[in-house]
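Fold and contact review
Chain by chain, the residues:
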Amino acid sequence: MIQTNVFDYINVLDKAADAGWLRNEAISNNIANVDTPYYKRQDVSFENELKKALGSGLNKSMDERVSSIKTSELQARPYTDYESYSYRLDGNNVDVENENVMLAENQLKYQGLLTSINQEFTNLQTVIK
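My aim in this report is to walk through the structure given alongside it, one point at a time. Model, not experiment: these values are computed from the prediction.

This part takes up the overall build of the protein. Secondary structure summary: the protein contains 4 helices and 2 strands in total. The order of α-helices and β-strands along the protein, N terminus first, is α-β-α-α-β-α. Against the compact-globule benchmark of 14 Å for 129 residues, the protein has a radius of gyration of 18 Å, which places it well outside the compact range. Projected onto its principal axes, the C-alpha positions of the protein cover 60 × 30 × 20 Å. Per-residue burial for the protein yields a buried fraction of 34% across its 129 residues. For the protein, contacts bridging at least 24 residues in sequence account for 76% of all contacts bridging at least 6. Element-wise, carbon and sulfur atoms account for 53% of the exposed surface of the protein, whose accessible area totals about 8,700 Å². Seen as two clouds, the 13 positive and the 19 negative side-chain charges of the protein have centres 5 Å apart.

This is the structure we're talking about:
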């Protein structure tokens, strides 16, 4: 991570992109294990961590809220989903159609994050010129 205020948004976007990559791996593993007995789907928790890190900030601008985030503490957390009900007799709770939809959604979010990171660097190049 780059330790200067100019890169606050880039650092947060980088963490979000890392979380998206981890979620992509988790969903891919879920799809690969759709026929594995007793396999429980996995996912990644990041959005709630980001909301907590940003705080409510009613009296703060978004710039102030983002600059107050300690990116070293902002981590994507993989977890196993034991709560999703399994309709299958083998105990596997992966719904391949749902996983495919979540994979497509995650890929779109990831592409959006990469576009945002690129735009931040474009903005910096413009300022430097």
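Let's shift gears to the packing of aromatic side chains. A complete count under the given rule lists 2 aromatic pairs for this structure. Judged by centre distance (6.4 Å) and plane angle (50°), the ring pair of Phe7 and Phe121 falls under tilted. Taken together, the residues span a long stretch of sequence, with Phe7 in the segment before α1 (8–32) and Phe121 in helix α4 (residues 96–128) at a distance of 114 residues. Their ring planes at 50° and their centres at 5.9 Å tell us that Trp21 and Tyr110 sit as a pair that is tilted. On the criterion of sequence distance, the pair formed by Trp21 in helix α1 and Tyr110 in helix α4 is long-range, its members being 89 residues apart.

Each value, and the rule that gives it
- The written sequence of each chain sets the order in which its residues are numbered from 1.
- Reporting of local features is limited, given that this is a predicted model, to residues whose pLDDT is at least 70; pairs of side-chain atoms are given and counted only at 80 or more, and all residues count toward the totals for whole chains, interfaces and linings.
- Where side-chain values are given, they derive from all heavy atoms of the structure, hydrogens and water being excluded.
- Per the convention used, a helix needs a DSSP run of H or I reaching at least four residues, while a strand needs a run of E reaching at least two, with both numbered from the N terminus.
- Note on method: radius of gyration uses C-alpha positions; expected globular size equals 2.2 Å times residues raised to 0.38.
- Buried means the residue's accessible area, taken with a 1.4 Å probe over protein chains only, is under 20% of the maximum for its type, while exposed means over 50%, and partly exposed covers the values in between.
- Note on contacts: a residue pair is in contact if any heavy atoms of the two residues lie within 4.5 Å.
- In these tables, accessible area is a Shrake-Rupley quantity obtained with a 1.4 Å probe, and a residue counts as shielded only by the protein chains included in the view.
- When charges are counted, Lys and Arg contribute as positive and Asp and Glu as negative, whereas His and the chain ends are disregarded.
- In plain terms, the charge of a residue is placed at NZ if it is Lys, CZ if Arg, CG if Asp and CD if Glu.
- Centres within 6.5 Å make a pair out of two Phe, Tyr or Trp rings, where for Trp the six-membered ring is used; the pair is then stacked when the planes are under 30 degrees apart, edge-to-face when over 60, and tilted otherwise.

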